[in-house]
Amino acid sequence: MYYDLHTHTVCSDGRLTPEALVAAAAAAGVRVLAVTDHDTIVGVEAARAAAGGHDMTVVAGVEVSAMWEGHTIHVVGLDVCLDDAVLKGGLGTLHGIRADRGRAIAERLTALGVCGAEGLLERHPVIGRGHFAQWLTDTGHARSRTQAFKLFLERGRAAYVGVEWPPIGEVVGWLHAAGGCAVLAHPTRYTLSGGRLRQLLSTFVAAGGDALEVVSAGLDAGEIGRLARLAAQFGLRASAGSDFHDALPWRKTPGGLADLPAGCVAVWHDRPRMQRADGI
Ligand code: AMP
Ligand code: MN
Ligand code: MN
Ligand code: MN
């Protein structure tokens, strides 16, 4: 699979710089890479600049936080225009929401006797829970980022602060305004029953959503097949993305994904900027 259409850099909660991500993806055989940081597009240009030396196409992307019936849902935008005022305005709103939540998380941590986290807000213009998890690990309050989530940051934990992200239809509108397509990310990770997932897909399609992330890291062939059938039933295209965040021993590289099942219409099907001139 030469495509990886869902990855993160240090511009959100990934651990590699855009340049290092491009190098790691190229080494893993990825030829078309979408950089899709949470609620920000600032890493795309640096990735593009680095990609020239690696014979790689970088797709301008973003993973936008949205709300559906009380659930946080992630919508990956692909092939977006980086200068679009509507998208930039929408992402600006999200940065404000993230900063407010970041301050509230730091206050909760201080109340728990874990002091100093407010400094993160200056260092990270688009602050996320991943930054707090890393800081809690670095300062010895947790053994790993995963444990930091378990101890402090997950829903139900003492430093969890709920957020009202914009509704899913609004987010799809921003991505379309920027000429991009809207992909419902990692559909198996929302802890929804089959019926509720279908309701989410109905809402997403009614809002103009374009594609479903059918292939992602960690899914087995059965799950990929089920998602491919859902995409077909709902008239959605299919995307493939690893959701790569870190260079850890158990998750060394981006890419490494299964091919899209036969019968899927690929999200890049009618988007020349997402296709390779050499046809691979
Ligand atoms: P945020 O958008 O700031 O609320 O952060 C969401 C991100 O945190 C996700 O994209 C994951 O990368 C990460 N995350 C969420 N829950 C966990 C968890 N339980 N363990 C590790 N990382 C998590
Ligand atoms: Mn993340
Ligand atoms: Mn996500
Ligand atoms: Mn992601």
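Because the structure is a prediction, the values reported are computed rather than measured.

Caption draft 1: Structural detail: the layout of surface pockets. Counted as a void, the largest pocket has a volume near 1500 Å³. In terms of lining, the largest pocket is formed by 44 residues, of which the most central are D13, H74, R129, F149 and R189. Looking at the lining of the largest pocket, the elements that each hand over two or more residues are β3 (57–68), β4 (71–78), α3 (85–111), α5 (129–138) and α6 (145–153). Looking at which element gives the most residues to the lining of the largest pocket, the answer is α6, with four residues. Looking at the lining of the largest pocket residue by residue, the class counts come to eleven nonpolar, 19 polar and 14 charged.

Caption draft 2: How the structure looks around the coordination of the manganese ion (ligand 2). Protein ligation of the manganese ion (ligand 2) involves D13 (OD), D13 (OD), H38 (NE2) and H245 (NE2), the donor distances falling in the range 2.2 to 2.8 Å. Classification of the site at the manganese ion (ligand 2) rests on its six donor atoms, whose angles at the metal span 51 to 156 degrees, yielding the label irregular. In the primary sequence, the donor residues of the manganese ion (ligand 2) line up as D-x24-H-x206-H.

Caption draft 3: Layout of the site of ligand 1. Lining the immediate environment of ligand 1, one finds D13, H38, R98, R101, G128, R129, F149, E154 and H245. One nitrogen or oxygen atom from the side chain of D13 is found 3.1 Å from an oxygen atom belonging to ligand 1. Within the contact set of ligand 1, an oxygen atom lies 2.9 Å away from a side-chain nitrogen or oxygen of H38. Taking 500 Å² as the accessible area of ligand 1 by itself, protein coverage stands at 74%. With respect to the pocket detection grid, ligand 1 is positioned in the largest pocket. For the shell around ligand 1, the residue count by class is one nonpolar, three polar and five charged. Residues lining the shell around ligand 1 come from more than one domain, with at least three contributed by each of domain 1 (3–90 + 167–274) and domain 2 (99–153).

Caption draft 4: Molecular detail of the sheet that holds β4. Across the sheet, which stays open at both edges, the seven strands sit in the order β1-β2-β3-β4-β5-β6-β7 with mixed pairing between neighbours. Edge positions in the sheet fall to β1 (3–4) and β7 (237–241), since each has one partner strand and no second. Contacts from helix α2 (residues 44–51) reach β2 (32–35) and β3 within the one sheet, and its direction differs from that of β3 by about 155 degrees. Each of β6 (211–216) and β7 touches helix α9 (residues 221–233); the most contacted strand, β6, lies at about 170 degrees to it.

Caption draft 5: Local environment of the coordination of the manganese ion (ligand 4). Protein coordination at the manganese ion (ligand 4): the donors are H6 (NE2), H8 (NE2), E63 (OE) and D243 (OD), at 2.1 Å from the metal. The distance between the manganese ion (ligand 4) and the manganese ion (ligand 2) is 4.7 Å. Taken together, the positions of H8 in the loop between β1 and α1 (18–27) and D243 in the segment after β7 put the pair 235 residues apart, joining distant regions of the chain. Classification of H8 by relative accessible area gives buried; the value is 0%.

Definitions and limits used
Residues numbered from 1 in each chain as written. Chains lettered and ligands numbered in written order. Predicted model: local features only at pLDDT ≥ 70, side-chain atom pairs only at ≥ 80, totals over all residues. Heavy atoms only, no water. 1 Å grid on protein atoms, 1.4 Å probe; cavity = no way out; pocket = protein on both sides within 12 Å on 5 of 7 lines; lining within 4 Å. Points joined across faces, edges and corners; volume = space filled by probe spheres on them. Helix = DSSP H or I, 4+ residues; strand = E, 2+ residues; numbered from the N terminus. Nonpolar A, V, L, I, M, F, W, Y, C, P; charged D, E, K, R; others polar. Donors = N, O, S within 2.8 Å, 3.2 Å for Na, K, Ca; no water. Tetrahedral: all angles 85-135°; square planar, octahedral: opposite > 155°, others 65-115°. Near = heavy atom within 4 Å. Polar contact = N/O pair within 3.5 Å; in protein donor to acceptor, adjacent residues only side chain to side chain. Areas by Shrake-Rupley, 256 points an atom, 1.4 Å probe, with all protein chains shown as cover. Sits in = over half its atoms within 2 Å of the grid points. Domains from an automatic or database assignment. Pairing = 2+ DSSP bridges. Contact = heavy atoms within 4.5 Å. Axes fitted to C-alpha atoms, helices over the stretch in contact; angles between N-to-C directions. Buried < 20%, exposed > 50% of the residue type's maximum accessible area, 1.4 Å probe, protein only.

From the geometry alone we can't say anything about function, so treat these as descriptive.
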